[in-house]
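One-letter residues, chain by chain:
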Amino acid sequence: MDKILATIVLSFRSLKLHKLRSSLTVLGIIFGVASVITMLAVGEGASAAAQESIRKLGSNNIILDSVKKEDTQENQGNLLSYGITYEDIERIQTNVESIESVARLRLYEGEVRYRENSATAEVIACDPSYFHIQQITLHKGRSLCLVDSRNRNDVCVLDSSLAELLFPYQDPFAHKVNFDGSYYQVVGITQTPEEAKSIKDYKVYIPFSSAVANYGEVTTTVSQGSFQREQVDVHQLIINLSSAEHVYAAYGRLERIMNHGHKIDDYTIKVPIRLLEEAAETERLFSILLGSIAGISLLVGGIGIMNIMLATVSERTKEIGLRRAIGAKKKDIVLQFMTEAIVLSLIGGCIGVLLGITMPYLVTQLFEIETKISTLSVTVAFLISGLTGVIFGSYPAIKSANLKPIDALKDI
Amino acid sequence: MIHLKQIKKSFQVGDQTVHAIRNLNIDIKQGEYVAIMGASGSGKSTLLNILGCLDTPTEGEYHIAGDSAFELNDDQLSAFRGKQIGFVFQSYNLLPQFTVLENIKLPLLYQKDIDQEASHARALDLARLVGLEDRLDHRPTELSGGQQQRVAIARSLINEPLILLADEPTGNLDTKTEQEILDLFDTLNAQGKTIIVVTHEQEVGERAGRMILMRDGLILSDTTSAHG
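It should be emphasised that the depicted structure is a prediction, and the values quoted were computed from it without experimental measurement.

Caption draft 1: Broad picture of empty space enclosed by the protein. Residue and element names in this part refer to chain A. All chains considered together, the criterion is met by four cavities of 30 Å³ or more. Size it by volume and the largest cavity reaches roughly 130 Å³. For the lining of the largest cavity, the secondary-structure elements that each account for two or more residues are helix 1 (2-17) and helix 12 (330-367). At five residues, the largest contribution of residues to the lining of the largest cavity is made by helix 1. Its residues assigned to classes, the lining of the largest cavity comprises four nonpolar, four polar and four charged. Estimates place the volume of the second largest cavity at around 70 Å³. Lining the second largest cavity, in full, are Ser14, Leu15, His18, Arg21, Ser22, Ile308, Met309, Thr312, Arg316, Glu340 and Leu344. Looking at the lining of the second largest cavity, the elements that each hand over two or more residues are helix 1, helix 2 (19-57), helix 10 (272-315) and helix 12. Among the elements that make up the lining of the second largest cavity, the one with the highest residue count is helix 10 (three residues). Residues of the lining of the second largest cavity, tallied by class, amount to four nonpolar, four polar and three charged.

Caption draft 2: Quick look at the sheet that holds strand 5 (residues 67-68) of chain B. Residue and element names in this part refer to chain B. As summarised here, the arrangement of the four strands in space is 2-1-4-5, forming an open sheet in which the pairing is antiparallel. Of all strands in the sheet, those with a lone pairing partner are strand 2 (16-28) and strand 5, marking the two edges. Strand direction decides the pairing type here: strand 1 (residues 2-13) and strand 4 (residues 59-64), joined by five bridges, are antiparallel. Bridge pairing in strand 4 places Lys8 opposite Glu59. The strands touched by helix 1 (residues 44-51) are strand 1, strand 2 and strand 4; relative to strand 1, the strand with the most contacts, the crossing angle is about 120°.

Caption draft 3: Representation of the layout of surface pockets within the structure. Its boundaries defined by the atoms lining it, the second largest pocket holds a volume of some 590 Å³. Forming the boundary of the second largest pocket are 19 residues, of which Ala6 of chain A together with Lys105, Leu108, Leu109 and Gln116 of chain B lie nearest the centre. With six residues, the single largest contributor to the lining of the second largest pocket is helix 1 of chain A. A per-class count over the lining of the second largest pocket returns nine nonpolar, three polar and seven charged.

Caption draft 4: Expanded view of the environment of Ala79 of chain B. Within the element layout of this structure, Ala79 of chain B appears in helix 2 (residues 74-84). Sequence spacing of Ala79 of chain B and Tyr110 of chain B is 31 residues, and the spatial spacing of their C-alpha atoms is 7.9 Å. Look past the residues within four positions of Ala79 of chain B in its chain and what remains in contact with it is Gly327 and Lys329 of chain A.

Caption draft 5: Region of the structure containing the interface of chain A and chain B. On the chain B side, the residues contacting the 22 residues of chain A number 25 residues. Taken over both partners, the interface formed by chain A and chain B buries close to 2,300 Å², and the fraction arising from carbon and sulfur atoms is 60%. Between Arg13 of chain A and Glu102 of chain B there is a salt bridge, and its shortest N-O distance comes to 2.4 Å. Taken together, the connections running from chain A to chain B amount to ten residue pairs in polar contact (both at pLDDT 80 or more). Of all the secondary structure elements, the ones that give two or more residues to the side of chain A that touches chain B are helix 1, helix 11 (317-325), helix 12 and helix 14 (405-410) of chain A. If you tally residues by element for the side of chain A that touches chain B, the top one is helix 11 of chain A, at six residues. In terms of residue class, the side of chain A that touches chain B is built from nine nonpolar, three polar and ten charged.

Caption draft 6: Expanded view of the nonpolar core. With 64 residues, the main nonpolar core has Ile2, Leu4, Leu24, Leu47, Leu51, Tyr62 and Ile196 of chain B as its most contacted residues. Counting residues per element, this core draws most heavily on helix 12 of chain A, which supplies seven residues. Excluding its chain neighbours within four sequence positions, the residues that come into contact with Ile196 of chain B are Ile2, Ile28, Val34, Ile36, Leu51, Ile163, Leu164, Leu165 and Ala166 of chain B. Counting 35 residues, the second largest nonpolar core, distinct from the first, contains Leu136, Val151, Ile153 and Leu173 of chain B.

Caption draft 7: Quick peek at the packing of aromatic side chains. Residue and element names in this part refer to chain A. In this structure the tally under the stated criterion is seven aromatic pairs over all chains. When the ring of Tyr114 is compared with that of Phe167, the centres are 4.5 Å apart and the planes differ by 40°; the resulting orientation is tilted. One end of the pair, Tyr114, is in strand 4 (residues 99-114); the other, Phe167, is in the loop between helix 6 (160-166) and strand 8 (176-179), with 53 residues separating them in the sequence. Between the aromatic rings of Phe179 and Tyr215, the centroid separation amounts to 5.8 Å while the plane-to-plane angle is 80°, which identifies the pairing as edge-to-face. Note that Phe179 is positioned in strand 8 and Tyr215 in helix 8 (residues 208-215), a separation of 36 residues in sequence. Taken together, the ring pairs in this structure connect Tyr108, Phe179 and Tyr215 into an aromatic cluster.

What counts and what doesn't
Residues numbered from 1 in each chain as written. Chains lettered and ligands numbered in written order. Predicted model: local features only at pLDDT ≥ 70, side-chain atom pairs only at ≥ 80, totals over all residues. Heavy atoms only, no water. 1 Å grid on protein atoms, 1.4 Å probe; cavity = no way out; pocket = protein on both sides within 12 Å on 5 of 7 lines; lining within 4 Å. Points joined across faces, edges and corners; volume = space filled by probe spheres on them. Helix = DSSP H or I, 4+ residues; strand = E, 2+ residues; numbered from the N terminus. Nonpolar A, V, L, I, M, F, W, Y, C, P; charged D, E, K, R; others polar. Pairing = 2+ DSSP bridges. Contact = heavy atoms within 4.5 Å. Axes fitted to C-alpha atoms, helices over the stretch in contact; angles between N-to-C directions. Buried area = accessible area lost by both parts, 1.4 Å probe. Salt bridge = Lys/Arg side-chain N within 4 Å of Asp/Glu carboxyl O. Polar contact = N/O pair within 3.5 Å; in protein donor to acceptor, adjacent residues only side chain to side chain. Core = buried A, V, L, I, M, F, W, Y, C linked by side-chain atoms within 4.5 Å. Buried < 20%, exposed > 50% of the residue type's maximum accessible area, 1.4 Å probe, protein only. Phe/Tyr/Trp six-rings, centres within 6.5 Å; stacked < 30°, edge-to-face > 60°.

Put into structure tokens, the structure is as follows:
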């Protein structure tokens, strides 16, 4: 043990003799290790962000969206009718197995007002099940319930940032907010997630049935002097299945049902779990790509070490000869040069790890890209740097040990 | 103590076989001070390498302190050199990254089971013996040639070897320093150390008690002087 420690200390001394050369060699490893950690952190961060947004959609869910197509036919009186219909939903509910619940959505956007305070918000008309399916957490009050649905109550749930904006001083629960001519009693306030606060993405939830009652089945928009009337029963339908394993079977059924009822593709089917799997696959490929780019820089660093060690060996042939003359065995010489190579690469590894931990932080600060440093990548990068020393140090070390003592001593 | 019998050494240089040592028989007793002399190409350096177990002859027997040197493998030879032979080279061969004291102690690195305190004390004694006790923390580059050679001598003695082998030890030194080094050899020999010096300088050879003159791989003369 003492001997190993002594060898390490002595190798430090030898490396110190050529400070510039040693530091340039170390530089290769530093960048190699740092780039491995940084690249993987960027890759990991990107996929973590993607996976998080997909996970929010829910892995048990299948989401249907109504889509307006260019070739959607207008029938009588400029009425444009497309998308998911009530009949579709009925057929889905009777024919698809393992459905836990469904949530119908109509999406509006417009000005939500309380007295002089107003904001542009997304108004989501939904079934009460939506709150459960999307795991929306309530900050205060209650969520929409079946009674609201049945009685078409004009009630609403606001997200907390909108509630703060509309009711800076008042108690929201004592008041009603106005949207498109109807007044809705505030019954609940949701918890706005931290990351959503800055985006000013205001949301209001009202019962689906109330929206139908208040705004009818047909929406009329005026554009370029002509009326355009649209009829969309449901903008979005979220089907919540009892477990993720039923998703693919349900998806197959769903495709057949929708295909049967629609001549054109005026809807899309989103399967979050499939997206999640695709994202995981993409992430894997991405990590392999980034990892191999970084691996190449480590390889280059390793070749740098070998190059320097070879130069060192030929420069120190006399030292090798002397050491052999005063009693060093071949394995002592191998050990000495290996230790030097490993010490070099581990110094590079240590600095590289420090740099590799700092870089993702800077990337996040400068480019606002989410990064995630994994302990695994740090460990692996560090171990690889050590391994680089072993691999690329061994050839010069063995070469030096195989020198004949007299030949080594003759060398000037 | 040293017993060389019918030593032959030849090299292959291109198509030609060069006989560096043709047929050599030498016996050296403990405590002897021997100078091996000859012009370059006389085979004296080859002989030194064989004596120092750095090289093996093509033929012959070499017994040193009862061991047959040619029956040892590479590792055993290393161990043997480390323990029994102290080398002093013409160009000192000190390691620039280490201090004087560290250079003196370098051979200890390859010895097993060393008493750290005792060997440290011995290193200090040797530094005192060669007159460098106040230069222990200096680097070799900060020393004169003579001083560097003294460090090398101290280093060669740290493991208390049977023989001290010196290859042109004063070749790089001026006359005054040469005398100092040779005085040091005299002192060591007086203390009972067996010393073998290879040189082509007459004055250096004459300091030894026994002079072996070589030419063309053969011993030309082997004379023991009166005072030796």
